[in-house]
Amino acid sequence: MASGASAPVPADSGRTTSPGRRGEKAASAVPADTAAATTLKSTAVTVRSVVASPRQVKGKGGREAARWRLQRLPAAQADDAGEAAEEEEEEALLSVPEDEEEAQPLPPICVSRMRGMWRKEKVALYCDQVLQDCKAEDADEVMGKYLSEKLKLKDKWLGVWKTNPDVFFVKYEEASIPFVGILVEVTCEPYQDSSSRFKVTVSVAEPLSSNIANIPRDLVDEILEELEHSVPLLEVYPVEGQDTDIHDIALALEVVRFFYDFLWRDWDDEESCENYAALIEERINLWCDMQDGTIPGPIAQRFKKTLEKYKNKRVELIEYQSNIKEDPSAAEAVECWKKYYEIAMLCGLLKMWEDLRLRVHGPFFPRILRRRKGKREFGKTITHIVVKVMTTEMVKDLSSDTLLQQHDDLDLALDNCYSGDTVIIFPGVYQAANLALLTDDIIIKGVGKREEIMITSEPSHDSFVVSKADNVKLMHLSLIQQGTVDGIVVVESGHMTLENCILKCEGTGVCVLTGAALTITDSEITGAQGAGVELYPGSIAILERNEIHHCNNLRTSDSSKSTLGGVNMKVLPAPKLKMTSNHIYSNKGYGVSILQPTEQFFIVAEEALNKRAASGDKKDDKMLFKVMQSLNLEMNNNKIEANVKGDIRIGTS
């Protein structure tokens, strides 16, 4: 390679590069946590580079030729030194003058405050403080206003402009130079329109500081002039050593970066979403599940790569379309459609991942998109009376200081509930879509005979009763499922108690999802098109003094489904189940089914055990006891009889 024309190499002075956010074109391709968490500690790269002089590039024309660019050969080409030297001689490029002063190392940027936030703090920040009740189509405007308000704290400050190396390099290795950083002085001005909302005016701060130690000052000035000294605001990171207002600005920039990197989707404003803040909360939970290992690392990486690929392909399509000057040719139209369908496919994959949340229970969408209200601001709880006409006789047993609200509509009563409230229902027939949106810790109880307090589902809805409250109770009433295909009761998370209730199922029975807990006492479950109670891996259930009968009415050719009956457990990790004094009878499958993976360590003599269990043989109590111990399964004084397939089955899923 010709003298003075070597490619950029890391300096021997011990300085190293730190990864950071890229420029506008590739901004979406960088994981948000990488950019936001980076703190530069006097880092720099020395570049012995080839730079074209102004006279040599002047006649080449075009935007790219007008720039002075640092040159870096890909590693694959660097092996052929002779060929590289010939190419450089043809270009007749000049080296950087040796007497030019090196740029100073970059100062450290403000430490990430979001990195130390708990899940609830992130949710409160985005959903309660920033987005509040905004709609998806208004999110851009809301984020812009939030950021502009924070920028009013200080009109001038110092920051590191981190941009895509493409702005400076013709050829480079991303691993060697992940970004080009320049210390700049930022001038904040009110934006004139939406297109300038996330732009900011910058000038080079003195002395010149960069992570590229020998980057030419003329090159930096030339590029900033071409950009009219206006750069994307989200590419600028405030530095330490300034007043406290700058830390607030740094946090605001982090908030907006993370929103656009991980929470925002371009399809949100095209689809109806009644509660955008709840959707954002779901995505924050998904992100936190990836970060804390709840979702396995390899699967989390697949999701992130798919999201990155989607954003890159979208940028490719936009750039391709913008380069078509006139009516597109047939070939160009075909290429546009190809790119569009590839984006649509990636979009579908992302929606499945987001909606399913990598859970085992379908259908493929979160049942609850409502945020928890918590307690009222003044700390009081209210008892809601649901009846057409309220009389003093109805409330005579309540204490004199009880705050009351009367409703003739159960849905309205639930909509007005906060954590700690009680809903009292008098005899009648009710419907309530809000039963599928239980997020606060409330008690719903009937007064009178449970058979006379009937709550029916709406056939047009997918779900009937769904809860993710920490502790919700339903007492002394009847749930009658009509047409809904999901479980009559689904416990997504938290704990639910069903006490002295009748559950007349038409779809599936009671489903307890992974990590959720359920207590059912003195209740009756009947008519399910599957198991009366379905326990997913890692769930917890206590069943005491219940009747579970005439379940698994589903006509199916699937033999695995035809074995379901009273209680079905899916193992790995094992659910915890305590059953005491229950009567499980007349189910078309087994009374209790335990489904475990094909190779489960705690099942010994599996073939013999399955044969005995399937035939209803109760003689081998020792073998069943070992299985029950391994499964955290307690069964005391239960009466399991007259089930078509048998009483207890231990099988493979």
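Residues numbered from 1 in each chain as written. Predicted model: local features only at pLDDT ≥ 70, side-chain atom pairs only at ≥ 80, totals over all residues. Heavy atoms only, no water.

The name recorded for the chain in an unreviewed UniProt entry is Testicular spindle-associated protein SHCBP1L, from Cebus imitator. Among the UniProt annotations of the chain, the heading Subcellular location (unreviewed entry) holds the following wording: "Cytoplasm, Cytoskeleton, Spindle". In UniProt, the chain has this text filed under Subunit (unreviewed entry): "Interacts with HSPA2; this interaction may promote the recruitment of HSPA2 to the spindle." (UniProt positions renumbered as here; feature names shortened; annotations may be inferred.)

1. Some details on the overall build of the chain
Of regular secondary structure, the chain possesses 16 helices and 32 strands. By residue count, 49% of the 653 residues in the chain fall in the buried class. Pairs at least 24 residues apart make up 69% of the contacts formed inside the chain by residues separated by at least 6 positions. Counting only carbon and sulfur atoms, one obtains 50% of the accessible surface of the chain, whose full area is about 31600 Å². (Helix = DSSP H or I, 4+ residues; strand = E, 2+ residues; numbered from the N terminus. Buried < 20%, exposed > 50% of the residue type's maximum accessible area, 1.4 Å probe, protein only. Contact = heavy atoms within 4.5 Å. Areas by Shrake-Rupley, 256 points an atom, 1.4 Å probe, with all protein chains shown as cover.)

2. Section: a negative patch on the surface
A cluster of acidic side chains, namely Glu137, Asp138, Asp140, Asp269 and Glu270, defines a negative patch on the protein surface. Following the sequence through the fold, aspartate 138 ends up in the loop between helix H6 (119-131) and helix H7 (139-151). (Patch = residues over 30% accessible without salt bridge, like charges linked within 9 Å, V, L, I, M, F, W, Y side chains within 5 Å. Salt bridge = Lys/Arg side-chain N within 4 Å of Asp/Glu carboxyl O. Lys, Arg positive; Asp, Glu negative; His and termini not counted. Charge placed at Lys NZ, Arg CZ, Asp CG, Glu CD.)

3. Digging into the pattern of salt bridges
Summed over all chains, the structure comprises 21 salt bridges. Here lysine 152 ties to glutamate 149 by a salt bridge, and the two come within 3.0 Å at their closest N and O atoms. As a salt-bridge pair, lysine 339 and glutamate 335 come within 3.7 Å of each other at their nearest N and O atoms. With a gap of 4 residues between them, lysine 339 and glutamate 335 both fall in helix H12 (residues 330-356), about one helical turn apart.

4. Quick notes on the sheet that holds strand S24 (residues 540-544)
Read from one edge of the open sheet, 10 strands run S9-S8-S10-S12-S15-S18-S21-S24-S27-S30, paired in parallel fashion. At either margin of the open sheet sits one strand with a lone partner, and together these are strand S9 (403-407) and strand S30 (633-636). The mean inter-strand angle of the sheet, taken between neighbouring strand axes irrespective of direction, is 10°. Pairing of strand S12 (residues 443-446) with strand S15 (residues 471-475), which is carried by 3 bridges, proceeds in the parallel orientation. Bridge assignment links isoleucine 443 to a residue of S15, and that residue is lysine 473. (Pairing = 2+ DSSP bridges. Axes fitted to C-alpha atoms, helices over the stretch in contact; angles between N-to-C directions.)

5. Brief notes about the nonpolar core
If you look at the biggest cluster of nonpolar residues, it comprises 75 residues, and the most contacted ones within it are Trp157, Phe168, Ile215 and Phe259. Those residues in contact with phenylalanine 259, other than ones at most four positions away along the chain, are Tyr126, Leu131, Ala139, Met143, Trp264, Tyr276 and Ile280. Counting residues in each nonpolar core, the second largest holds 55 residues, with Val386, Ile455, Val472 and Leu535 among its members. (Core = buried A, V, L, I, M, F, W, Y, C linked by side-chain atoms within 4.5 Å.)

6. Points about the side chain of asparagine 638
By the secondary structure assignment, asparagine 638 is in the loop between S30 and strand S31 (639-641). Only 3.4 Å separates the side chain of asparagine 638 from the backbone nitrogen of serine 581, close enough to count as a polar contact. For asparagine 638, the side chain forms a polar contact with the main-chain nitrogen of asparagine 582, separated by 2.9 Å. In contact with asparagine 638, not counting residues within four places along its chain, are Met579, Thr580, Ser581 and Asn582. (Polar contact = N/O pair within 3.5 Å; in protein donor to acceptor, adjacent residues only side chain to side chain.)

7. A short note on the packing of aromatic side chains
In this description, a pair of aromatic rings is defined by centroid distance and the angle of the planes. Inspection of the entire model under this criterion finds 12 aromatic pairs. Consider the rings of tyrosine 126 and phenylalanine 258, whose centres lie 6.0 Å apart with planes at 50°: the pair is tilted. Linking tyrosine 126 in helix H6 with phenylalanine 258 in helix H9 (residues 244-263), this pair joins segments that are 132 residues apart in sequence. Comparing tyrosine 126 with phenylalanine 258, the two get one shared label, buried. Ring centres 5.9 Å apart and planes at 55° place the aromatic pair tyrosine 260 and tryptophan 264 in the tilted group. Ring pairing ties together the aromatic residues Tyr126, Phe258, Phe262, Trp287 and Phe303, which thus form one cluster. One residue, lysine 162, lies across the ring of phenylalanine 179, its end atom 5.0 Å from the ring centre. Above the face of the tyrosine 237 ring, lysine 162 is positioned so that its terminal group lies 4.5 Å from the ring centre. (Phe/Tyr/Trp six-rings, centres within 6.5 Å; stacked < 30°, edge-to-face > 60°. Lys NZ or Arg CZ within 6 Å of the ring centre and 35° of its normal.)

8. Remarks on the state of the cysteines
For the coordinates displayed, the defined rule picks out 0 disulfides. With no disulfide of its own, cysteine 505 lies 6.0 Å from the sulfur of cysteine 551, the closest cysteine sulfur. For cysteine 505, a relative accessible area of 10% gives the class buried. (Disulfide = S-S within 2.5 Å.)

9. Section: H7
Here H7 contains 13 residues, and its C-alpha end-to-end distance of 18 Å stays within 8% of the 18 Å for a straight helix at 1.5 Å per residue. By the burial criterion, the buried members of H7 are Ala139, Met143, Gly144, Tyr146, Leu147 and Leu151. Considered in projection along H7, the buried side chains sweep an arc of 160° and stay on one side of the axis. Structurally, H7 contributes buried residues whose contacts are with H6, strand S3 (156-163), H9 and helix H10 (276-291). (Expected span 1.5 Å × (residues − 1). Arc of directions from axis to C-beta.)

10. Examining H10
Across its 16 residues, H10 extends 23 Å between first and last C-alpha, which sits within 8% of the 22 Å expected from 1.5 Å per residue. Here H10 lies mainly inside the structure; 15 of its 16 residues are buried. Where H10 starts, the residue carrying a side-chain oxygen 3.4 Å from the main-chain nitrogen of alanine 277 turns out to be asparagine 275.

11. Thoughts on unusual backbone geometry
For the bond running from glutamate 206 to proline 207, omega is -10°, close enough to zero to count as cis. Relative to the helices and strands, proline 207 is located in the loop between strand S5 (199-204) and helix H8 (217-226). The phi dihedral of glutamate 228 is positive, around 60°, even though this residue is not glycine. Taking the relative accessible area as the measure of exposure, glutamate 228 reaches 69% and is therefore exposed. A positive phi angle, near 55°, is found at asparagine 637, a position not held by glycine. Note on asparagine 637: relative accessible area 69%, which makes it exposed.

12. Focus: the environment of glycine 538
Structurally, the position occupied by glycine 538 is in the loop between strand S23 (533-535) and S24. Looking at glycine 538, the relative accessible area reads 27%, which means it is partly exposed. As for glycine 538 and threonine 514, which are separated by 24 residues in sequence, their C-alpha atoms are 5.1 Å apart.

13. Quick notes on the packing of H6 against H9
The N-to-C vectors of H6 and H9 enclose an angle of 110°; their axes lie 12 Å apart at closest approach. With respect to each other, H6 and H9 are oriented roughly perpendicular. Of the two elements, H6 crosses H9, and the hand of that crossing is left-handed. Across the interface between the two elements, Leu125, Tyr126, Val130 and Leu131 of H6 pack against Glu254, Val255, Phe258, Phe259 and Leu263 of H9. Here the contact of H6 with H9 is composed, by residue class, of 8 nonpolar, no polar and 1 charged. (Parallel < 35°, antiparallel > 145°, perpendicular 65-115°, else oblique. Left-handed = near helix turned anticlockwise from the far one by under 90°. Nonpolar A, V, L, I, M, F, W, Y, C, P; charged D, E, K, R; others polar.)

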